Amino acid sequence: MPHHRVIAWHIDNLDNQGDGNQMRIFSERRTAGVAAVVVIAAVGVLASVAVAAPPALDKLRGSVTADGSSTLGPYMTAAAELFSRAGAKDVRITVGISGTGGGFERFCKGETDLSDASRPMKNKEAVICKTNNIGSWRAFTVANDALTVIVNQDNTWAKCLSVEELSKIWDTGSKVGNWKDVRAGFPDQKIKLFGPGTDSGTFDYFTEKINGKAKRSRSDYAASEDDNVLVQGVSGEKGGLGYLGYSYYEANQSKLNAVSIKNPKTGECVAPSVATAQNGTYKPLARSLFVYAKGASFKRPEVQGFLRYIFDHEVAIAKRAKFISLTPAQLKKSRINFDLAVKASAK
Amino acid sequence: MTVRRVRAWMFQALMILSLAISMGALVWLLVGTFVKGLPALDMKLFTNPPSSVPEEAGARPAILATLYIAVLVLLFSLPIGVATAIYLEEYARKERWYNRFLEVNIQNLAAVPAIVYGILGLAFIVRGIGVGRVLLAGGLILTLVVLPTVIISAREALRAVPDSIREGGYALGATRWQVISRQVLPASIPGIATGSILALSRALGETAPLLLIGALTYVAFDPTILGPFTALPVQIYTWVKLPDAGFQQLAAAAIIVLLAIVLGMNAVAIFLRSRFRQKW
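Residues numbered from 1 in each chain as written. Chains lettered and ligands numbered in written order. Predicted model: local features only at pLDDT ≥ 70, side-chain atom pairs only at ≥ 80, totals over all residues. Heavy atoms only, no water.

**Looking at empty space enclosed by the protein**
Residue and element names in this part refer to chain A. Condition: Points on a 1 Å grid, built from protein atoms alone, make a cavity when a 1.4 Å probe fits but cannot get out and make a pocket when they are open with protein on both sides within 12 Å along at least 5 of 7 lines; residues with an atom within 4 Å of a point are the lining residues. Grid points are joined across faces, edges and corners, and a volume is the space filled by probe spheres set on the points. Secondary structure counts use DSSP, requiring at least four H or I residues in a row for a helix and at least two E residues in a row for a strand, with both numbered from the N terminus. As a working rule, the residues Ala, Val, Leu, Ile, Met, Phe, Trp, Tyr, Cys and Pro are called nonpolar, Asp, Glu, Lys and Arg charged, and the rest polar, with Gly in that last group.
In total, this model carries 2 cavities of 30 Å³ or more according to the counting rule given. Taken as a whole, the second largest cavity encloses approximately 30 Å³ of empty space. Taken together, T71, N144, D145, Y246, S247, K322, F323 and I324 make up the lining of the second largest cavity. Sorting the residues of the lining of the second largest cavity by element identifies β6 (137–146) and α8 (246–251) as the ones contributing at least two each. Here the lining of the second largest cavity is built from residues that sort into 3 nonpolar, 3 polar and 2 charged.

**Some details on the domain arrangement of chain A**
Residues and elements named next belong to chain A. Going by this rule: An automatic or database domain assignment is the source of the domain bounds shown. Throughout, a residue-residue contact means that at least one pair of heavy atoms, one from each residue, lies within 4.5 Å. Buried area is a sum: the accessible area each of two parts loses on coming together, probed at 1.4 Å, counted once for each and added. Here, a salt bridge means any Lys or Arg side-chain nitrogen found within 4 Å of an Asp or Glu carboxyl oxygen. In the analysis that follows, any N or O atom pair within 3.5 Å is treated as a polar contact, provided that within protein one partner can donate a hydrogen and the other can accept it, and provided that, for residues neighboring in sequence, both atoms belong to side chains.
Looking at chain A, the domain boundaries give domain 1 (4–44 + 55–144 + 289–346) and domain 2 (148–271). Contacts between domain 1 and domain 2 engage 12 residues on the former and 10 residues on the latter. With both chains or domains summed, domain 1 and domain 2 bury close to 910 Å², and 42% of this area falls on carbon and sulfur atoms. Joining domain 1 to domain 2, the criterion identifies 2 salt bridges. Across the pair D204 and R119 runs a salt bridge whose closest N-O atoms are separated by 2.7 Å. Our count for the contact surface shared by domain 1 and domain 2 stands at 2 residue pairs in polar contact (both at pLDDT 80 or more). Class assignment for the residues of the side of domain 1 that touches domain 2 results in 1 nonpolar, 7 polar and 4 charged.

**Side note on the sheet that holds strand β5 (residues 114–117) of chain A**
Filter applied, for reference: Any two strands between which DSSP finds at least two bridges are classified as paired.
The sheet built from 6 strands is open, its strands ordered β6(A)-β15(A)-β5(A)-β3(A)-β4(A)-β1(B) with mixed pairing. With one partner strand each, in any of the chains shown, β6 of chain A together with β1 (218–219) of chain B form the two edges of the open sheet. In this sheet, strand β15 (residues 286–294) of chain A lies alongside β5(A) in antiparallel orientation, the contact comprising 4 bridges. By the bridge assignment for β15(A), L114(A) is matched with A293(A).

**Concerning the interface of chain B and chain A**
Counting residues at the interface gives 21 residues for chain B, matched by 25 residues for chain A. Here chain B packs against chain A, burying approximately 2000 Å² in sum over the two surfaces, 52% of which is carbon and sulfur. When the buried area of chain B at its contact with chain A is split by residue, Y218(B), K241(B) and P243(B) rank highest and sum to 34% of it. Where chain B meets chain A, there are 5 salt bridges. Close ionic contact of E56(B) with R85(A) constitutes a salt bridge, the shortest N to O distance being 2.8 Å. At the boundary of chain B with chain A, the tally comes to 14 residue pairs in polar contact (both at pLDDT 80 or more).

So, in structure tokens, the structure goes:
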């Protein structure tokens with residue numbers, strides 16, 4: 001039977017939030033069609049149970065290079081640490097924080113094994129990966145995050161904001177410079193805006209969810225790649241408003257207030273928290289964090305061993321790095337995805 | 001009479017104010033760093049790799065890498081820098097346009113921001129020659145950063161050797177090379193050493209060019225010349241950005257270590273200068 005090369009687009013909706021946070025994964029395979037992929041996938045899940053036991057951690061050698069999202073950096077660091085302590089002392093793992101975009105740039109040059117991302121890979125980036133011929137790759141969901149909108153502690157009025165209100169403030173060309181223009185009844189207080197730089201996945205995600213398109217944002221705000229600068233800015237300005245990853249809010253709870261976000265579907269105000277990020281009610285700013293693995297690297301036992309360790313100990317890693325862990329259902333999906341990848345790379 | 005006095009007094013006050021501003025900023029910075037960093041400054045910082053938990057984190061790989069880089073930069077920049085300086089000072093004929101062109105360029109290069117060398121290094125050393133994002137590449141890029149300064153200071157040192165020494169050598173029938181290698185160079189060593197060490201200590205504090213070539217954040221193993229690395233200033237930069245306040249303390253402690261390394265090197269420079277200074 002003639003095999004033709006197809007590019008299978010797996011629609012891989014790994015998070016249970018189902019808010020369009022869908023990941024498309026290019027994966028090049030020799031199959032007779034997409035249907036065949038599905039069959040192989042199903043067989044793969046069954047077969048993975050019977051696959052020979054993975055090599056012991058202390059037998060693993062080599063190096064794993066990861067780069068990407070600075071949000072995900074502490075998580076990957078914690079994973080690498082625990083992995084090493086669990087016995088994989090001879091695997092040298094490096095974790096860079098070039099930002100999601102910067103990480104993909106390196107990943108698509110074939111320089112890294114793993115790419116940490118706080119948003120799915122863009123089509124444009126996937127095309128670059130393809131042109132550079134780095135082979136197939138796969139995405140795994142490894143943790144949750146609640147993108148948190150922060151205000152000053154003296155801000156007694158903005159307890160809950162809707163997507164429309166946030167968009168009014170942050171959209172391109174927005175002239176809103178005073179809280180009283182955001183909603184009738186808000187006090188006459190100047191707004192001081194703080195946000196991440198444009199290379200950050202957090203910026204991409206926030207602008208996409210709030211303004212409808214990634215990178216669509218007003219630009220006259222104080223931008224910094226350093227989230228601690230945002231924390232300092234907002235905590236020092238009565239009219240301050242900014243957004244960042246949940247772990248930064250959590251570490252600075254005593255200095256900041258988090259704004260609840262009005263869930264567009266239910267109309268309820270939901271505060272960012274571990275529980276609301278996991279149960280999917282914190283919409284639309286709850287997001288998943290991903291690790292992308294290059295197919296060629298995935299074949300190497302040390303890379304595979306590291307990822308296996310992450311999925312075996314996801315909750316412990318998330319706890320150590322103070323991240324929001326995956327729900328059991330999400331974790332199960334990620335594991336199935338991982339087992340499929342193992343199966344596929346064994347061929 | 002009184003107007004003159006007032007003017008004199010005002011001028012003095014102005015100078016003291018300028019001094020107070022610069023010293024005040026320095027003292028404020030140092031005190032702030034020490035108050036914050038001293039509690040975190042312990043052996044752990046020197047023995048542990050970085051960690052996601054501040055209580056367990058150290059900077060051993062970063063400190064080692066910074067020392068390795070220092071050695072590499074000295075090894076590369078001294079021979080090249082001194083040889084260039086000897087050519088320009090002893091051999092080059094100033095009236096030739098290309099020699100003047102070289103001179104102007106070297107002066108200008110000394111003022112180029114280090115990040116530009118980082119970009120250059122990323123394109124030509126890391127990706128071009130294919131050295132990769134390894135410690136050697138970091139050493140090479142910082143060599144480029146310090147070279148102009150090393151050349152300029154070596155030239156100053158050579159120029160400080162009086163011509164009577166050279167002429168004495170020639171009078172005794174020595175060749176140009178003999179005069180340079182036996183008289184001029186030994187006499188200028190203290191000056192060359194001082195200038196090079198000062199240039200090096202500046203380079204060790206550079207973060208930007210190393211960030212560009214991916215001096216990775218988390219490296220938990222001792223660095224090797226051809227392996228991935230992180231350097232002390234990069235480690236500080238990373239820690240400052242992390243959410244947990246414990247890391248801010250660690251960053252302050254690492255700043256103290258970096259200060260100690262840099263001040264130590266400057267002390268060596270001062271020692272060399274005063275120990276071997278020659279008077280003619």
